[in-house]
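Now for the letters of each chain:
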Amino acid sequence: MIRIGPAGIPLSCKGRTNKDGIIYTHRNLDLNAIEIQFVRGLYVMSDEEAQIIREYSEENDMEVHVHAPYYVNLAGDGEEVEMSFEKILRSARMANNIGAKTVVIHPGFYGENSEKKTLKMIIKNSKKITGTIKKEKLKIKIGIETMGKQKVFGTLDEIIEVCKSVKGVIPAIDLAHIHARGNGCLKERKDFEEIFEKLKPLRLKHYLIHVTGVLYENGNEFYHLPIKKGDMPIAPLIEIILDNNYNVTLISESPLLEHDAVYIRLQVEKAIMKRTGKEEAYYKDLSEVI
Ligand SMILES: [Zn+2]
């Protein structure tokens with residue numbers, strides 16, 4: 001199954017609440033996923049809105065993920081880590097209330113520490129978080145994101161190490177970050193295949209993938225670009241997904257948000273048409289190509 005959606009409330013959606021955003025994404029865009037952004041400070045959602053989102057997403061087969069506040073450091077000192085716990089757990093509780101599958105987090109910074117020490121600290125602190133999630137019986141996973149800057153913890157290999165060590169933590173595969181960090185490393189089919197190959201030991205049944213164009217220099221992300229303005233192709237990714245029948249959710253983090261989510265959808269449908277030889281395709285129907 002391929003799910004597609006925007007990272008946040010669509011720009012063209014008049015109402016600016018998350019409830020408005022999810023309804024618009026389903027009804028107006030006919031997309032089937034969304035990643036709600038709890039990123040500007042700590043987002044407060046009323047129980048009423050949470051319940052509406054939960055019911056709406058269940059009734060309309062919308063898959064919901066959540067992005068926790070950006071500034072989190074699970075490799076910092078005492079107070080910083082405490083504050084990070086607080087942000088992640090508050091996000092996790094809200095995510096659980098709205099029936100989200102995943103809370104995406106940015107893991108942290110190397111700072112003065114070696115890569116190895118940072119990895120150890122992040123594993124230790126991730127275990128604390130999943131411990132609390134288990135204790136509170138929250139039905140969500142922590143999605144730990146691949147990061148696009150050299151001084152930030154989160155190469156694909158590092159993220160995989162954390163996921164191997166901590167149950168309840170899955171990778172949030174930000175392709176633009178991998179691409180930027182590798183100074184434009186995702187060009188051809190084999191480059192994307194390598195990612196799935198590396199992920200194999202995790203035996204994932206579902207892949208949460210972030211997609212956007214990106215401007216980068218010397219292995220560091222500058223900012224996001226529309227997919228077509230970036231130099232990372234998405235056609236090889238879609239081919240691999242269809243060839244392997246991967247169960248994926250593609251979240252558009254492009255500055256054109258829903259516009260590029262729909263662009264991804266059209267590329268998927270183009271790939272389906274190429275396979276069936278028909279002049280029509282619907283991204284939710286893969287029955288003829290798998
Ligand atoms: Zn992120």
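Scroll up to find the structure.
**Overview of the nonpolar core**
- Counting 87 residues, the largest nonpolar core has Leu175 and Val211 as its most contacted members.
- Every residue in contact with leucine 175, bar those within four places of it in the chain, is listed here: Leu186, Phe192, Ile195, Ile209, His210, Val211, Met232 and Leu237.
- With seven residues, the next largest nonpolar core counts Ala33, Val104, Leu208 and Leu257 among its residues.

**Some remarks on the sheet that holds strand β5 (residues 141-145)**
- The strand order β1-β10-β7-β6-β5-β4-β3-β2 describes an open sheet built from eight strands, whose pairing is parallel. Edge strands, defined here as strands with exactly one partner in the open sheet, are β1 (2-6) and β2 (33-37). Strand-to-strand twist of the sheet, defined as the mean angle between neighbouring strand axes without regard to direction, takes the value 25°.
- Direction of pairing for strand β6 (residues 169-174) relative to strand β7 (residues 207-211): parallel, over a ladder of three bridges. Across the sheet, the residue bridging to isoleucine 173 is isoleucine 209, located in β7.
- Against the sheet, helix α1 (residues 18-27) makes contact with β1, β2 and β3 (63-67), and its axis sits at roughly 160° relative to β2, the strand it touches most.

**Focus on unusual backbone geometry**
- At asparagine 183, a residue that is not glycine, the phi angle is positive and equals roughly 50°.
- Along the chain, asparagine 183 falls in the loop between α6 (175-181) and α7 (189-199).
- If you check the backbone angles, asparagine 245 has positive phi at about 50° while not being a glycine.
- Mapped onto the fold, asparagine 245 is located in the loop between α8 (235-244) and β10 (248-252).

**Let's talk about the coordination of the zinc ion**
- Each protein donor to the zinc ion is listed here as His67 (NE2), His106 (NE2), Glu145 (OE) and Glu145 (OE); together their distances run 2.1 to 2.6 Å.
- Taken together, the four donor atoms coordinating the zinc ion span angles of 54 to 148° at the metal, a pattern that classifies the geometry as irregular.
- One chain supplies every donor for the zinc ion, spaced along it as H-x38-H-x38-E. Here the residue histidine 67 occupies a position in strand β3, and glutamate 145 occupies one in strand β5, the gap between them amounting to 78 residues.
- On the accessibility criterion, glutamate 145 (1% relative accessible area) is buried.

**Re the pairing of strand β8 (residues 213-217)**
- Pairing of β8 with strand β9 (residues 220-225), which is carried by five bridges, proceeds in the antiparallel orientation. Paired with glutamate 217 across the strands is asparagine 220, a residue of β9.
- What sits between β8 and β9 in their antiparallel hairpin is a turn of two residues, with asparagine 218 showing a positive phi close to 50°.

**As for the pairing of β2**
- Taking burial as the measure, the five residues of β2 include five buried ones, the bulk of the element.
- Along β2, one buried face is formed by Ala33, Glu35 and Gln37 and the opposite face, lined by Ile34 and Ile36, is buried too.
- Pairing of β2 with β3, which is carried by five bridges, proceeds in the parallel orientation. Bridge pairing in β3 places glutamine 37 opposite histidine 67.

**Topic: the side chain of glutamate 258**
- Position of glutamate 258 relative to the elements: it lies in helix α9 (residues 257-276).
- Here glutamate 258 sits buried without a salt bridge, and the closest side chain of opposite charge, arginine 16, lies 7.1 Å off (N-O distance).
- Every residue in contact with glutamate 258, bar those within four places of it in the chain, is listed here: Pro6, Pro10, Leu11, Ser12 and Leu29.

**Quick notes on the packing of α1 against helix α2 (residues 47-59)**
- Between α1 and α2, the shortest axis-to-axis distance is 9 Å and the interhelical angle comes to 15°. By the criterion of interaxial angle, the relationship of α1 to α2 is roughly parallel. Both α1 and α2 take part in a crossing whose hand is left-handed. Across the interface between the two elements, Asn18, Lys19, Ile22, Ile23, His26 and Arg27 from α1 touch Glu49, Ile52, Ile53, Tyr56 and Ser57 from α2.
- Tallied by class, residues from the contact of α1 with α2 come to five nonpolar, three polar and three charged.

**Looking at the packing of aromatic side chains**
- This model, assessed by the stated rule, comprises six aromatic pairs.
- Ring centres of tyrosine 282 and tyrosine 283 lie 5.6 Å apart, and the angle between their planes is 80°; this geometry places the pair in the edge-to-face category.
- Residue classification places tyrosine 283 among the buried residues on the basis of a relative accessible area of 0%.
- A connected cluster of aromatic rings, assembled from ring pairs, spans Phe196, Tyr207 and Tyr246.

**Quick word on the packing of helix α5 (residues 156-165) against α7**
- It is at 10 Å that the axes of α5 and α7 come closest, and there the two elements cross at 20°. Classified by the angle between their axes, α5 and α7 sit roughly parallel to one another. Where α5 crosses over α7, the two elements pack in a sense that is right-handed. Along the contact surface, α5 presents Leu156, Asp157 and Ile160, while α7 presents Ile195, Lys198 and Leu199.
- Broken down by class, the residue content of the contact of α5 with α7 amounts to four nonpolar, no polar and two charged.

Conventions used here
Residues numbered from 1 in each chain as written. Predicted model: local features only at pLDDT ≥ 70, side-chain atom pairs only at ≥ 80, totals over all residues. Heavy atoms only, no water. Core = buried A, V, L, I, M, F, W, Y, C linked by side-chain atoms within 4.5 Å. Buried < 20%, exposed > 50% of the residue type's maximum accessible area, 1.4 Å probe, protein only. Contact = heavy atoms within 4.5 Å. Pairing = 2+ DSSP bridges. Helix = DSSP H or I, 4+ residues; strand = E, 2+ residues; numbered from the N terminus. Axes fitted to C-alpha atoms, helices over the stretch in contact; angles between N-to-C directions. Donors = N, O, S within 2.8 Å, 3.2 Å for Na, K, Ca; no water. Tetrahedral: all angles 85-135°; square planar, octahedral: opposite > 155°, others 65-115°. Lys, Arg positive; Asp, Glu negative; His and termini not counted. Salt bridge = Lys/Arg side-chain N within 4 Å of Asp/Glu carboxyl O. Parallel < 35°, antiparallel > 145°, perpendicular 65-115°, else oblique. Left-handed = near helix turned anticlockwise from the far one by under 90°. Nonpolar A, V, L, I, M, F, W, Y, C, P; charged D, E, K, R; others polar. Phe/Tyr/Trp six-rings, centres within 6.5 Å; stacked < 30°, edge-to-face > 60°.

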